[in-house]
Amino acid sequence: MGVLPPLDALFLWGMEQLLEFGLGGSPMSSNTKLLVMFLISAGTAIASYFIPSTLGVILFMTGFGFILSLNLSEIGFAFKHTMISHLDSSKSKNVHRGLRIQYGWREFIFYLTVLTFALIEASLLHRFAGLSSFAKASPQTVASCILIILLTIMWILREIQRVYLFGVFRNPFYPKDVRTVPVLMEKQRRLMKVGVVRRILLTLVSPFAMIAFLSLDRSLQNLHSVSVCIGFTRIFRMVWQNTENALLDIVVVSVAQMLVFSPDLWWNRSLDTGIRLLLVGILRDRLLQFISKLQFAIAILLTSWTEKKQRRKSTASLIALNVVFFPILLTFIAVSALLSSPLLPLFTLPVFLIGFPRPVRSWPGPVGAAACVCSDTVYYQQMVPSLAVALQSALAAGSLGVSLPGSHYLCRFQDRLMWILVLEKGFTYCGVNIKGLELRETSCHAAEAHRVDEIFEMAFEHQDHTKILSPNHHFGHILTPCTVLPVRLYSDARNVLSGIIDSHENLKHLKDDFIKVLVWMLVQYCYKKSKTGESPGNADKNRKGAFPADQHSSAAERARPLREDDSFSVDTIEDWTEDSDIFDLEPSGRTKGRKEPGQLGTTPKVHLSIPGSVETQSQDIPQEMSPEEKLYRAVVLGLPAVDKGKQEEVSPRVEFSCSYSELLSIPEEWRTAPMPASKVNEMRQRFPEEWYHFILSQLDFFHLKEKPSDLLEDLIKDKALKDLYIHGVLSCCFGLFGLDNTVPAPSHVFRAYTGGIPWSVGLDWLTGKPELFQLALKAFRYAFKLMVDKASLGPAENFKELVNYLEEYENDWYIGLVSDLEWQQAVLQEKPYLFSLGHDPNMGIYTGRVLTLQELLVQVGKLNDEAVRGQWANLSWELLYATNDDEERYSIQAHPVLLRNLTVQAADPPLGYPVYSSEVLHLPLF
């Protein structure tokens, strides 16, 4: 029934417990590392038994204790790639990637120096000062006093960096009303210095002080036994692997020895110092687990009544039973702590069972191997590297409290929630896993996230902390605020565009701005093509060989906007036109494919004539008619006639007055739009000639080896080149706005921005040129963003300022849609700004969304480890054994105190559903 452990979980739990409490190691982030480290550590303990010299035993334990506490997997990875880089210099640039610790000569020299001093200290103290027993004036007593002072100082320096002392009273030394990074850096300078001092004491001073205490111990002077080898092998490694807990254990043993000097006492007579430290370490761990589990059980009992939404008909009965059988409940909690197994609240009700023992990771699969990836994943992918750097400093300074394997932290910024699990820890490194929870908040998610925001705001942002040591109003919650971290990430701002997008004046200038932006974009496109040595005018000929017909068709189909059901299209006409009968020149149908220019010359389609009918086809008439031609035959739209015998779109050759104009000429296929002469003349009058001249004057043509001095003047005077741009701009306007000059409606602007304009002949021609269509769509989005900026910041004063706007859009912005693949790529590339246009059909409003990359404050809090393990144990039991997979089950509903819904989300898939889960991140702590 899910109470007895599976064999694999029991085996891994046993190895983890032996490695941590019997051999002084740390839980590992993977099963393979756990097995390898357990075998090496056990071999070290066994080998120390067979060393005949006491000095040799001391040196062996000190050396291997230090070496095994290092991050050997990452050191091996760095060594492997260093060797590869020496063998193949071309790969040397790719040696270190991702978030791995970069080990170099500096780290190697540091570790070698620390190891050397540790060996020298241990050997000298053991040789010359190890003959005296523990007494009031002995060297070991002096070392004990030093350790007590160090523990006190480090405890004070750790607590002074947290926002709450003991989680109960607000720290008077912590900065008040911290909301921005500059304010935090200004107010936290002293605390940063405190963190540096504590890091030095923890990394260098404390280990050497503990080695001095151990080397002076009398138990190592005589011939060693099995208990001596096990106990001292463990503590010599724990000095480096888990310095804080080792310091606490040694101080407890030292105080006990100072208070009790009687040699006849069992504690002094039967146990050596190593075994005493082992027993104290186990007792410390189980006691802390018991307290955490008791807090978790009391929180469930109280909130089942105090939280109205958690109150059920059976709540009073369950509370009464727990009160009556409280000794049994304490027994369950004590046994659960003794076995280091989670306390399982059945369906998260106040009915408690003892879960089966399992490793600290709680889940069997590889770390970070699975996540429910969606469009929101990229925001976590972008911020995790910066968050890892900030966590590195906070963990090293101690502002996150005592971080042990199995510790859980929750980070909050706007709508993002990051769940951090500490997997392993050693000398100057820590392995963590970071998960990102969903951004689309459900009602349960929103309720718990709102409580998290309240807790953090009360701790960091409220200014009414006038009382000294003001209490934590959310004491008893499983989340305790720790600190804030500066992280480089995207802030998300959403604004309602009412008054901008529906302004007639703004929409009136939108077309003119679009023409200007499009001219600038076409000139830049052709200029960049000329730099690559490819003439834009011959670009189509080159692309015809690069894009086969099927690729061209697929590209055009992707670029084609979605048609509305009520939009006017050829397909709707073919159902009711009189020409659509069995004697037509071509079979009609809604599913018939559209012929592309690249498909000309393929095998002709054979049409069998109907008996009794007159064959009307001739060799000079095409076998198929295009949908446009069917449209012209169906109704008269006043559009120019199309030559049905025309097989290709051929543009007349352009005679330039300047020989260099060919470098800026637009591609030939972009000149083939069927435009009436009257519209061309109208566009010639609307064409911003001064703007066009200004853009050309900004070109430098540095890539040309020989150029005339009056090159720019000749380009400006070339009327043929200007006519090409007039025709190109008109073609794009024809595709996006049609031939009329009416002011576009806000709905049409939104459709044009999203690429969802209803079908038209001009749009069909434009989407047949995917590259031009993308340029036109990009220009329209730039023009829309320019309209928003002009409405909020004022119009551009001159052409230079307008060019600066456009260059900023090009270099620092991505302007598009959240659903675009390019949007996700821009986030990962850390574009400084992103803009998107949205529409809420329920409220009938248009919204603008702006993401800004900047360094902002992320709030971090520590979670009750046993509350998380207990809820995860219930989740595993309920879904795998009770098979209760109801999406609306009680155990997944919102619980503002236990954060039940968020905890379920943070579980590994398939039981949980985080949208992001990182691989193991190894953070250096030196």
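Report follows, based on the coordinates. Keep in mind that what you see is a predicted model, and the values were worked out from it rather than measured.

What to know about the overall build of the protein chain
Here comes step 1: Looking only at helices and strands, the protein chain has 32 helices and 13 strands in total.
Here comes step 2: When the 926 residues of the protein chain are sorted by exposure, 52% land in the buried category.
Here comes step 3: In the protein chain, of all internal contacts separated by at least 6 residues, the share reaching a separation of at least 24 is 75%.
Here comes step 4: Accessible surface computed for the protein chain: about 43500 Å², of which carbon and sulfur atoms make up 61%.

A few points about the side chain of Ser 29
Here comes step 1: By secondary structure assignment, the location of Ser 29 is in the loop between α1 (7–22) and α2 (31–49).
Here comes step 2: In this structure the side chain of Ser 29 is engaged in a polar contact, spanning 2.7 Å, whose partner is the side chain of Glu 424.
Here comes step 3: Sequence-distant contacts of Ser 29, that is, excluding residues within four places in its chain, are made with Arg 361, Val 367, Leu 423, Glu 424 and Val 920.

Quick notes on helix α23 (residues 689–697)
Here comes step 1: Buried within α23 are the following residues: Trp 691, Tyr 692, Phe 694, Ile 695 and Leu 696.
Here comes step 2: Next to the buried residues of α23 lie α17 (504–531), α24 (711–717), α25 (719–737) and α29 (799–812).

What about the environment of Leu 34?
Here comes step 1: Along the chain, Leu 34 turns up in helix α2.
Here comes step 2: Under the relative-accessibility criterion, Leu 34 is labelled buried at 1%.
Here comes step 3: Once the C-alpha coordinates of Leu 34 and Leu 12 are considered, the two residues, 22 residues apart in sequence, prove to be 8.1 Å apart.
Here comes step 4: Once residues within four sequence positions are removed from consideration, Leu 34 is found in contact with Leu 12, Met 15, Glu 16, Leu 19 and Met 28.

Thoughts on the packing of aromatic side chains
Here comes step 1: By the definition in use, this model includes 38 aromatic pairs.
Here comes step 2: Between Tyr 111 and Phe 427, the ring centres sit 6.3 Å apart and the planes meet at 55 degrees, which makes this aromatic pair tilted. Note that Tyr 111 is positioned in helix α5 (residues 105–128) and Phe 427 in the loop between β6 (416–426) and β7 (429–436), a separation of 316 residues in sequence. Per residue, the accessibility class of Tyr 111 equals that of Phe 427, and both read buried.
Here comes step 3: Among the aromatic residues, ring-to-ring pairing joins Phe 66, Phe 110, Tyr 111, Phe 208, Trp 240 and Phe 427 into one connected group.
Here comes step 4: For Arg 311, the ring lying beneath its charged end belongs to Trp 305, and the centroid distance is 4.5 Å.
Here comes step 5: Residue placement shows Arg 358 over the ring face of Phe 356; its charged tip is 3.8 Å from the ring centre.

Observations regarding the nonpolar core
Here comes step 1: Leu 147 and Trp 240 are the most contacted members of the largest nonpolar core, which totals 90 residues.
Here comes step 2: Looking at this core, the element that brings in the most residues is helix α8 (residues 189–215), giving ten residues.
Here comes step 3: The residues touching Trp 240, leaving out its near neighbours within four places in the chain, are Thr 62, Gly 65, Phe 66, Ser 69, Val 114, Ala 118, Thr 203, Pro 207, Phe 208, Ile 211, Gly 426 and Phe 427.
Here comes step 4: Counting 82 residues, the second-largest nonpolar core is a separate cluster that includes Ala 673, Phe 750, Val 788 and Tyr 805.

Let's talk about α5
Here comes step 1: For α5, which comprises 24 residues, the first-to-last C-alpha distance of 34 Å matches the rise-based estimate of 34 Å (1.5 Å per residue) to within 8%.
Here comes step 2: Turning to α5, its buried residues are Glu 107, Tyr 111, Val 114, Leu 115, Ala 118, Glu 121, Ala 122, Ser 123 and His 126.
Here comes step 3: Against α3 (54–68), α8 and α9 (226–241) lie the buried residues of α5.

Remarks on the pattern of salt bridges
Here comes step 1: Tallied over the entire structure, the rule returns 29 salt bridges.
Here comes step 2: Salt-bridge contacts for Asp 285 lead to Arg 286; the nearest nitrogen and oxygen are separated by 2.6 Å.
Here comes step 3: Under the relative-accessibility criterion, Asp 285 is labelled buried at 14%.
Here comes step 4: The shortest N-O distance in the salt bridge between Arg 451 and Glu 454 comes to 3.6 Å. In this pair, Arg 451 and Glu 454 are both assigned in helix α16 (residues 443–460), three residues apart and thus about one turn of the helix distant.
Here comes step 5: Here the residues in one salt-bridge network are Arg 158, Glu 159, Arg 162, Arg 198 and Glu 244, joined through shared partners.

Remarks on the packing of α8 against helix α10 (residues 243–259)
Here comes step 1: Contact geometry for α8 and α10: axes closest at 10 Å, N-to-C directions at 45 degrees. As summarised for this structure, α8 and α10 are arranged oblique, according to the angle between their axes. Crossing of α8 over α10 shows left-handed handedness. Counting all contacts with α8, which are made through Arg 198, Leu 202, Ser 206, Pro 207, Met 210 and Phe 213, the residues of α10 involved are Thr 243, Glu 244, Ala 246, Leu 247, Ile 250, Ser 254 and Gln 257.
Here comes step 2: Of the residues in the contact of α8 with α10, the class split is seven nonpolar, four polar and two charged.

The rules behind these values
Residues numbered from 1 in each chain as written. Predicted model: local features only at pLDDT ≥ 70, side-chain atom pairs only at ≥ 80, totals over all residues. Heavy atoms only, no water. Helix = DSSP H or I, 4+ residues; strand = E, 2+ residues; numbered from the N terminus. Buried < 20%, exposed > 50% of the residue type's maximum accessible area, 1.4 Å probe, protein only. Contact = heavy atoms within 4.5 Å. Areas by Shrake-Rupley, 256 points an atom, 1.4 Å probe, with all protein chains shown as cover. Polar contact = N/O pair within 3.5 Å; in protein donor to acceptor, adjacent residues only side chain to side chain. Phe/Tyr/Trp six-rings, centres within 6.5 Å; stacked < 30°, edge-to-face > 60°. Lys NZ or Arg CZ within 6 Å of the ring centre and 35° of its normal. Core = buried A, V, L, I, M, F, W, Y, C linked by side-chain atoms within 4.5 Å. Expected span 1.5 Å × (residues − 1). Salt bridge = Lys/Arg side-chain N within 4 Å of Asp/Glu carboxyl O. Axes fitted to C-alpha atoms, helices over the stretch in contact; angles between N-to-C directions. Parallel < 35°, antiparallel > 145°, perpendicular 65-115°, else oblique. Left-handed = near helix turned anticlockwise from the far one by under 90°. Nonpolar A, V, L, I, M, F, W, Y, C, P; charged D, E, K, R; others polar.

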